[in-house]
Amino acid sequence: MSKFPKDFLWGGATAANQYEGGYLEGGKGVNTSDVMVGGSHTVPRRVSWKNPTTGETGFTGMGFGTPMEIPEGAVPAVLDGVYYPSHEATDFYHHYKEDIALMGEMGFRCFRLSMNWARIFPNGDDAEPNQEGLAFYDAVFDECKKYGIEPLVTMSHYETPIALTINYGGWKNRKLIDFFVKYAETIIAHYAGKVKYWLTFNEINMMDMGAFMAGGIVDATPQNKAQGAHNQFVASARVVKFAHENYPDVKIGQMLAYGPLYTYTCSPEDQIKAMEQAQGTLFYSDVQTGGFYPEYRLIQYREQGIVLDDCPEDYDLIKNYSADFLSFSCYGSSTVSADPALGGAGGNFTTGVKNPYLSTNAWGWATDPVCLRLACNTLYYRYRKPVWIG
């Protein structure tokens, strides 16, 4: 194919925690992103906490190589006088009409955005949805329609309601399956006719790297991360089932963080290293889009002594209600080596060693446009389902 078809959905993407703002306005509750302070390419972001009994406060790492350690009795909390990027962000909440008009001017045919779970159910387990929150997104989708822009909406993009972390332990608790499904069913039904394409969880594989960000889990042990991922898989499958049975035109997709891997040398050890690292990512799409738990992950769980809190129905749901399409983010490639003497690549979230064939920017990220083609081909031919770059 030498050109894109006329119905190809060009567009752009945002995340509520980076873009929306409107902190606590319109009845919104606090979420996990709201307790994350700012950072930079050299200073990692942290999570603030407070002991409600003693009044003691502090900060802790949030994963990604910086361990999360909150003292006993303390909980993640917003502190006075501290800068939290999500609170104002770029203030889409107050400027959505202007922003969407600019998207229309640029010729967007698709706008991927995320909804703020705590704007619809402020505590995550509320009996009824927040009507002001529903009305805000109604207005956003109506504005998109004015410009012929198709929304692609992420239900949960690193913003689990903080009450679900404090009261239930986050996604390690199976109770969150029901809470999320209620939220998903509410918004699918409410926005029927306005939103056709949905994603359940943004970059679900970030559960391995940052379980607090991806699932509101503070104690990110291997057991809890595995359980958190499993609970999200089941929740996603139940949402697919609901949509297929009640809104056949609605499509529910998966969102994966994916970057191709190169080996530093031709050594067999480097090839094994790359295969094992790739499996750590593709496990998530094998389950959520492929519909099955791969044997390589089950072996890993057995070796680590991980035992899932599950039931046979979970695996029937995963098999029969896999994602309708696969969306992925591709920030670049990584180069891996089994040689421990080689230095790391550096850069925010970059893994592996420096690729001598690629230049890097000021943040240490390699510039590699070819990796996007590799990603599209790898993921499409693995699952044979529509692929979205988002």
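Within each chain, residues carry numbers counting from 1 in the order of the written sequence. Given that this is a predicted model, residues contribute local features only at a pLDDT of at least 70 and side-chain atom pairs are listed and counted only at 80 or more, while totals for whole chains, interfaces and linings are drawn from all residues. Hydrogens and water molecules were not included; the side-chain quantities draw on all heavy atoms of the structure.

A. Just the overall build of the protein chain, in detail. Runs of H or I in DSSP of at least four residues are treated as helices and runs of E of at least two as strands, each being numbered from the N terminus. Along the protein chain, the regular secondary structure elements total 13 helices and 12 strands. Taking 21 Å as the expected radius of gyration for a compact globule of 390 residues, we find that the protein chain reaches 21 Å, a close match to that expectation. Considered along the principal axes of its C-alpha atoms, the protein chain spans approximately 60 × 60 × 50 Å. Each residue is assigned to one of three classes by its accessible area relative to the maximum for its type, calculated with a 1.4 Å probe on protein chains only: buried under 20%, partly exposed between the two thresholds, exposed over 50%. Relative to its full complement of 390 residues, the protein chain shows a buried share of 49%. The globule rule is 2.2 Å times the number of residues to the power 0.38, and the radius of gyration it is compared with is taken over C-alpha atoms.

B. Expanded view of a nonpolar patch on the surface. Only residues whose relative accessible area exceeds 30% and that form no salt bridge are eligible for patches; like-charged ones are grouped when within 9 Å, while nonpolar side chains (Val, Leu, Ile, Met, Phe, Trp, Tyr) are grouped when within 5 Å. Here, Shrake-Rupley sampling with a 1.4 Å probe gives the accessible areas, and only protein chains in the shown set may cover a residue. Salt bridges are counted wherever a side-chain nitrogen of Lys or Arg sits within 4 Å of a carboxyl oxygen of Asp or Glu. A cluster of nonpolar side chains, contributed by Phe-4, Phe-8 and Trp-10, occupies part of the molecular surface with about 330 Å² of accessible area. Of note, Phe-8 is situated in the segment before strand E1 (11–13). Given the relative accessible area of 32%, Phe-8 is considered partly exposed.

C. Region of the structure containing the side chain of Ser-333. In this fold, Ser-333 is placed in the loop between strand E10 (325–329) and strand E11 (334–336). Counted as a polar contact is a pair of N or O atoms within 3.5 Å, where, for protein atoms, one must be capable of donating a hydrogen and the other of accepting one, and residues adjacent in sequence contribute only when both atoms are in side chains. A polar atom in the side chain of Ser-333 sits 2.7 Å from the side chain of Asp-368. The contact rule is simple, with two residues in contact once any of their heavy atoms fall within 4.5 Å. The residues touching Ser-333, leaving out its near neighbours within four places in the chain, are Pro-260, Tyr-262, Leu-358, Asp-368 and Cys-371.

D. Quick look at the sheet that holds strand E3 (residues 57–61). By this definition, two strands are paired if DSSP reports at least two bridges between them. The strand order across the open sheet built from three strands is E3-E2-E4, with neighbouring strands paired in antiparallel fashion. Pairing within the sheet leaves two strands with one partner each, and these edge strands are E3 and strand E4 (75–76).

E. View of helix H13 (residues 370–383). The end-to-end C-alpha distance of H13 is 21 Å, a good match for the 20 Å that 14 residues give at a rise of 1.5 Å each. Burial in H13 covers these residues: Cys-371, Ala-375, Leu-379 and Tyr-383. Projected onto a plane normal to the axis of H13, the buried residues spread over an arc of 65° and lie on a single side. Residues of H13 that are exposed and point more than 90 degrees away from the buried face comprise Val-370 and Arg-373. Next to the buried residues of H13 lie strand E8 (251–257), strand E9 (261–263), helix H10 (268–288), E10 and strand E12 (387–389). Count one or two residues on from H13 and you reach Arg-384, which has phi positive near 55°. Expected helix span is taken as 1.5 Å per residue step, with the number of steps being one fewer than the number of residues. Arc definition: it is the arc formed by the directions from the helix axis to the C-beta atoms.

F. Up close: the pairing of strand E5 (residues 110–114). When you tally the buried positions in E5, you get five out of five residues, the bulk of the element. Every second residue of E5 is oriented toward a common face, with Cys-110, Arg-112 and Ser-114 on one face and Phe-111 and Leu-113 on the other, all of them buried. Bridging between E1 and E5 involves three bridges; their strand directions are parallel. For Ala-13, the partnering residue across the bridge sits in E5 and is Arg-112.

G. How the structure looks around the environment of Glu-128. One can find Glu-128 in the loop between helix H4 (117–120) and helix H5 (131–146). Residue classification places Glu-128 among the exposed residues on the basis of a relative accessible area of 59%. Glu-128 sits 55 residues away from Tyr-183 along the chain, and the two C-alpha atoms are 9.7 Å apart. Filtering out sequence-adjacent residues up to four positions away, Glu-128 remains in contact with Phe-121 and Lys-182.

H. Structural view of the nonpolar core. Counting 85 residues, the largest nonpolar core has Met-115, Met-155, Trp-171, Phe-180, Tyr-191 and Trp-198 as the members making the most contacts within it. The leading source of residues in this core is helix H9 (residues 222–246), at 10 residues. Excluding anything up to four places from it in sequence, Phe-180 contacts Trp-117, Met-155, Ser-156, Trp-171, Thr-200, Phe-201, Ala-235 and Val-239. One finds Leu-152, Met-255, Phe-325 and Trp-388 within the second-largest nonpolar core, a separate group that totals seven residues. The criterion is simple. A nonpolar core is a set of buried Ala, Val, Leu, Ile, Met, Phe, Trp, Tyr and Cys residues joined through side-chain atoms within 4.5 Å.

I. Examining the packing of aromatic side chains more closely. Side-chain rings of Phe, Tyr and Trp (the six-membered ring for Trp) are treated as a pair once their centres are within 6.5 Å; stacked means planes under 30 degrees apart, edge-to-face means over 60, and tilted covers the remaining angles. Counting across every chain of the model gives 34 aromatic pairs. Ring centres 4.9 Å apart and planes at 75° place the aromatic pair Phe-4 and Trp-10 in the edge-to-face group. Since its relative accessible area comes to 49%, Phe-4 is described here as partly exposed. Measuring from ring centre to ring centre gives 5.8 Å for Trp-171 and Phe-180, while their planes differ by 65°; the resulting arrangement is edge-to-face. Note on Phe-180: relative accessible area 0%, which makes it buried. These aromatic residues form a ring-pair network of at least three members: Tyr-19, Phe-92, Tyr-93, Tyr-96, Phe-111, Phe-136, Tyr-137, Phe-141 and Tyr-191. Distance and angle both matter: a charge sits over a ring if NZ of Lys or CZ of Arg is within 6 Å of the ring centre and within 35 degrees of the ring normal. Residue placement shows Arg-46 over the ring face of Phe-59; its charged tip is 4.5 Å from the ring centre.

J. Representation of the packing of helix H7 (residues 175–190) against H9 in the model. Axis geometry follows a simple rule: fit a line to the C-alpha atoms, using only the stretch in contact for helices, then measure angles between N-to-C directions, giving values from 0 to 180 degrees. Contact geometry for H7 and H9: axes closest at 9 Å, N-to-C directions at 30°. The orientation of H7 with respect to H9, classified from their angle, is roughly parallel. Between H7 and H9 lies a crossing of right-handed hand. Residues Ile-177, Asp-178, Phe-180, Val-181, Ala-184, Glu-185 and Ile-188 of H7 touch H9, and the partners they reach there are Asn-231, Val-234, Ala-235, Arg-238, Val-239 and Phe-242. Asp, Glu, Lys and Arg are counted as charged, while Ala, Val, Leu, Ile, Met, Phe, Trp, Tyr, Cys and Pro are counted as nonpolar; the rest, among them Gly, fall into the polar class. Grouping the constituent residues of the contact of H7 with H9 by class yields nine nonpolar, one polar and three charged. Any angle that is under 35 degrees is reported as roughly parallel, and any over 145 degrees as roughly antiparallel; angles of 65 to 115 degrees are reported as roughly perpendicular and all others as oblique. Two helices cross in a left-handed way if the nearer one is turned anticlockwise from the farther one by less than a right angle. They cross in a right-handed way if the turn is clockwise.

K. Inspection of the pattern of salt bridges at higher detail. Scanning the model with the defined rule gives 12 salt bridges in all. For Arg-382, the salt bridge goes to Asp-286, with nearest N and O atoms at 3.0 Å. Of this pair, Arg-382 sits in helix H13 while Asp-286 is found in helix H10, placing the two residues 96 residues apart along the sequence. Residue Arg-382 is classed as partly exposed on the basis of its relative accessible area, which comes to 40%. Across the pair Glu-295 and Arg-302 runs a salt bridge whose closest N-O atoms are separated by 3.2 Å. By relative accessible area, Glu-295 is classed as partly exposed at 47%. Residue Arg-302 is classed as exposed on the basis of its relative accessible area, which comes to 57%. One connected set of salt bridges, linked through shared partners, spans Asp-138, Asp-142 and Lys-194.

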